[in-house]
Amino acid sequence: MDDRTLIKMIRRGDTHAFRILVERYRTPFYNFFLRSGCSIEDSEDLTQQLFIKLLGAAYEIRENATFRTYLYRVAANLLIDHRRKQKSGDFVGFEDLAGDEEILQVGSRTALPDENAETAQLQERYGRALEKLPAAWRAVLELRVTAEMTYAQIAESTGLTVPAVESILFRARERLGRMLGDFRTEGRRGK
Amino acid sequence: MDCRDFRKLVSRMIDAEATRSEEEKLMLHLGSCRECREFHESLAAITGLHRGLARTEPSAGLLEKILALAGRVEGMPGQADLESRHSAWWKAGIAAAAAAVILLGVKAGGYVMADFGAAPSVQQAEVTEMDYLGAFPPGSLGETLLLPEEGGDDV
């Protein structure tokens, strides 16, 4: 059953439709919060808040809006509020989460016997490299790569300008590339 | 445009945000600049790695926590609430069906055995049981089932 049908059913008070939506989206959004720098507890709490907000807004969701995009927008707002509370009012937007420009080398360069192990190791290194990025950059990457939002949609969701979104994505990828080093050459060397 | 500008453009192209003319310029540059070509390959690989990130499962209890919280939202029944309403609906349905059968039986009995004793009074019981149906909010699935002529085609 598609999301639009489920939303219509939720509007009629159908709990089962709500349950299906929660089952469908709880893991991706829990991961969105986790990858955006929230703790396990906070990620679960924010995921709960996200779905409760969805219930409250079920009547306001536009029929032509992509539900997934809508949820990511709400999630981005929840993330901003959460970080703002953590920073005791100092936080004014995603820009505040930007970290320093320190370049970190992540992981070892030990060759592994087979390609699968090598890919798994590379994936693990990528995960660790990602953790070194400022939380806001990770959130923007998630909104772009996982949520597949356009720059304009990300800007609208986060309060950033489109050039700022563009800049964050470029800098995040550039830094990830530096942190991972010459991983593509390594991959070829291992074959 | 220098190499840094082209690299920014690579990032935009990967995100399908570059215009056609920007892409054409970039392709021309990539054809002659090995460093930028490698940067392009690197960014494409990074995007692939991000998509391939393993997902962490939330705790097993998260779903139930959300459903329990949802039960407290006005106008939205919780899981237990829904189950009790379904149960009430079925009870009411069975009671109504039984009452209808009894009524028909009594009516038929009246024709066949007009001299037998008075039929049991089921009208009051039927109305009381039917009140359960009022538990469904207007426009809900329950109400739709109760009034099939009003639709419910997408359920």
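Please read these numbers as outputs of a predicted model, since none were measured by experiment. (Residues numbered from 1 in each chain as written. Chains lettered and ligands numbered in written order. Predicted model: local features only at pLDDT ≥ 70, side-chain atom pairs only at ≥ 80, totals over all residues.)

Asker: I'd like a description of the interface of chain B and chain A, backed by residues and values.
Answerer: Contacts between chain B and chain A engage 40 residues on the former and 38 residues on the latter. Looking at the side of chain B that touches chain A, the elements that each hand over two or more residues are α1 (3-14), α3 (34-51), α4 (62-70) and α5 (79-112) of chain B. Top contributing element to the side of chain B that touches chain A by residue count: α3 of chain B, with 9 residues. By residue class, the composition of the side of chain B that touches chain A is 19 nonpolar, 11 polar and 10 charged. (Contact = placed C-beta atoms within 7 Å. Helix = DSSP H or I, 4+ residues; strand = E, 2+ residues; numbered from the N terminus. Nonpolar A, V, L, I, M, F, W, Y, C, P; charged D, E, K, R; others polar.)

Asker: Give me the lowdown on the packing of helix α3 (residues 40-57) of chain A against α4 of chain B, citing residues and values where you can.
Answerer: At a closest axis distance of 10 Å, the pairing of α3 of chain A and α4 of chain B adopts a crossing angle of 40 degrees. If you check the angle between α3 of chain A and α4 of chain B, you find them oblique. As for the relative orientation of α3 of chain A and α4 of chain B, their crossing is right-handed in sense. Of the residues in α4 of chain B, those touching α3 of chain A at E44, T47, Q48, F51, I52 and L55 of chain A are L62, K65, I66, L69 and A70 of chain B. Of the residues belonging to the contact of α3 of chain A with α4 of chain B, the class tally is 7 nonpolar, 2 polar and 2 charged. (Axes fitted to C-alpha atoms, helices over the stretch in contact; angles between N-to-C directions. Parallel < 35°, antiparallel > 145°, perpendicular 65-115°, else oblique. Left-handed = near helix turned anticlockwise from the far one by under 90°.)

Asker: If you had to explain helix α2 (residues 15-35) of chain A to someone new, which residues and values would you point to?
Answerer: In this model, α2 of chain A (21 residues) spans 29 Å end to end at C-alpha, consistent with the 30 Å of a helix rising 1.5 Å per residue. At the C-terminal side of α2 of chain A, G37 of chain A shows a positive phi close to 95 degrees. (Expected span 1.5 Å × (residues − 1).)

Asker: I'd like a rundown of the nonpolar core, residues and numbers included.
Answerer: All names here are of chain A. Formed by 66 residues in total, the largest nonpolar core has its most connected members in A75 and V140. If one sorts the elements of this core by residue count, α2 sits on top with 10 residues. Once residues within four sequence positions are removed from consideration, A75 is found in contact with F29, F32 and L50. (Core = buried A, V, L, I, M, F, W, Y, C linked by C-beta atoms within 7 Å. Buried ≥ 20, exposed ≤ 12 C-beta atoms within 10 Å, placed from the backbone.)

Asker: Before we move on, could you go through unusual backbone geometry and cite the residues and values that matter?
Answerer: Residues and elements named next belong to chain A. Its identity as a non-glycine residue notwithstanding, E148 has a phi of 55 degrees, on the positive side. Inspection of the secondary structure puts E148 in the loop between α6 (135-146) and α7 (151-158). A residue is classified by how many C-beta atoms lie within 10 Å of it, and E148, with 14 of them, is partly exposed.

Asker: Go over the packing of α1 of chain B against α3 of chain B with me, naming the residues and quoting the values.
Answerer: Residues and elements named next belong to chain B. Between α1 and α3, whose axes approach to 10 Å, the crossing angle comes to 30 degrees. Relative to α3, the element α1 lies roughly parallel. Once α1 is placed against α3, the crossing between them reads as right-handed. Packed against α1, whose contacting residues are C3, F6, R7, V10, S11 and I14, the element α3 presents E35, C36, F39, H40, L43, A44 and T47 at the interface. Grouping the constituent residues of the contact of α1 with α3 by class yields 8 nonpolar, 3 polar and 2 charged.

Asker: Outline the environment of L46 of chain A, supporting the account with residue identities and numerical values.
Answerer: Residues and elements named next belong to chain A. Examined against the element boundaries, L46 turns out to sit in helix α3. Look at L46 and you get buried, because 21 C-beta atoms sit within 10 Å. Separated by 12 residues in sequence, L46 and L34 have C-alpha atoms that sit 9.9 Å apart. Beyond its immediate chain neighbours, meaning those up to four positions away, L46 contacts F33, C38, L78, L79 and H82.

Just distances and angles here, no functional claims.
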